[in-house]
Amino acid sequence: MNDFNILHNPRCSKSRQTLELLQENGVEPTIIKYLETPPSASTLQSIVKNLGVSPREILRTKEAEYKEAGLDNKELSDDQVIDLMTQYPKVIERPIVFNDSVAAVGRPPENVLKLIK
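Residues numbered from 1 in each chain as written. Predicted model: local features only at pLDDT ≥ 70, side-chain atom pairs only at ≥ 80, totals over all residues. Heavy atoms only, no water.

Student: Sorry if this is basic, but what is going on with the overall build of the protein here?
Tutor: Each helix and strand counted, the protein has five helices and four strands in total. For the protein, the N- to C-terminal ordering of α and β elements is β-α-β-α-α-α-β-β-α. Computed over C-alpha atoms, the radius of gyration of the protein comes to 14 Å, within 12% of the 13 Å expected from 2.2 N^0.38 for 117 residues, which places it in the range of a compact globule. Overall, the protein is about 40 × 25 × 20 Å in size when its C-alpha atoms are taken along their principal axes. Looking at the protein as a whole, 45% of its 117 residues qualify as buried. A sequence separation of at least 24 residues applies to 66% of the contacts in the protein between residues at least 6 apart. Carbon and sulfur atoms provide 45% of the accessible area of the protein, an area that totals close to 6,400 Å². Charged side chains of the protein number 15 positive and 17 negative; the gap between the two group centres comes to 6 Å. (Helix = DSSP H or I, 4+ residues; strand = E, 2+ residues; numbered from the N terminus. Rg over C-alpha atoms; globule rule 2.2 N^0.38 Å. Buried < 20%, exposed > 50% of the residue type's maximum accessible area, 1.4 Å probe, protein only. Contact = heavy atoms within 4.5 Å. Areas by Shrake-Rupley, 256 points an atom, 1.4 Å probe, with all protein chains shown as cover. Lys, Arg positive; Asp, Glu negative; His and termini not counted. Charge placed at Lys NZ, Arg CZ, Asp CG, Glu CD.)

Below you can see the structure in the form of structure tokens.
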């Protein structure tokens, strides 16, 4: 099974645990170090759709970039939020495992098991 991707931050313990859990279950996802290579707006739109959440629900609100980017402005549209997420990838929740049809946030890491079982 190689059709999964993971938005991964190697410095994050939950991200490392999620990747390890996938690998232990025979899944070798494509690793996207999203801080170095931010996902496109269309990729984020697909992830949000497959998670069944709004873009705001996968924001890391405690990051300094959250306020710096103006993401605390509740008047922003979903498209504006996604655009800012591409510019400030540090605000994207991690890890997120996804493919073209499903997605899960690896918090806790066991959340991703529903994608592969």
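What follows continues from the structure just given.
Student: What am I meant to see in the environment of Ile 58 here?
Tutor: Assignment of secondary structure puts Ile 58 in the loop between α2 (41-51) and α3 (64-68). Taking the relative accessible area as the measure of exposure, Ile 58 reaches 2% and is therefore buried. Spatially, the C-alpha atoms of Ile 58 and Glu 110 are 17 Å apart, while their sequence positions differ by 52 residues. Once you skip the residues sitting within four places of it in the chain, Ile 58 turns out to touch Val 48, Leu 51, Val 53, Met 85, Val 91, Ile 92, Glu 93, Ile 96 and Val 105.

Student: Would you explain the pattern of salt bridges in this entry?
Tutor: Side chains that carry opposite charge are capable of pairing whenever their charged atoms lie near each other. Per the stated rule, a full pass over the model turns up three salt bridges. Between Glu 93 and Arg 60 there is a salt bridge, with the nearest N and O atoms lying 3.0 Å from each other. One end of the pair, Glu 93, is in the loop between α4 (78-87) and β3 (96-98); the other, Arg 60, is in the loop between α2 and α3, with 33 residues separating them in the sequence. Accessibility assignment for this pair places Glu 93 and Arg 60 in one class, buried. Among the salt bridges present, the one from Glu 93 reaches Arg 107, with a minimum N-O distance of 2.9 Å. (Salt bridge = Lys/Arg side-chain N within 4 Å of Asp/Glu carboxyl O.)

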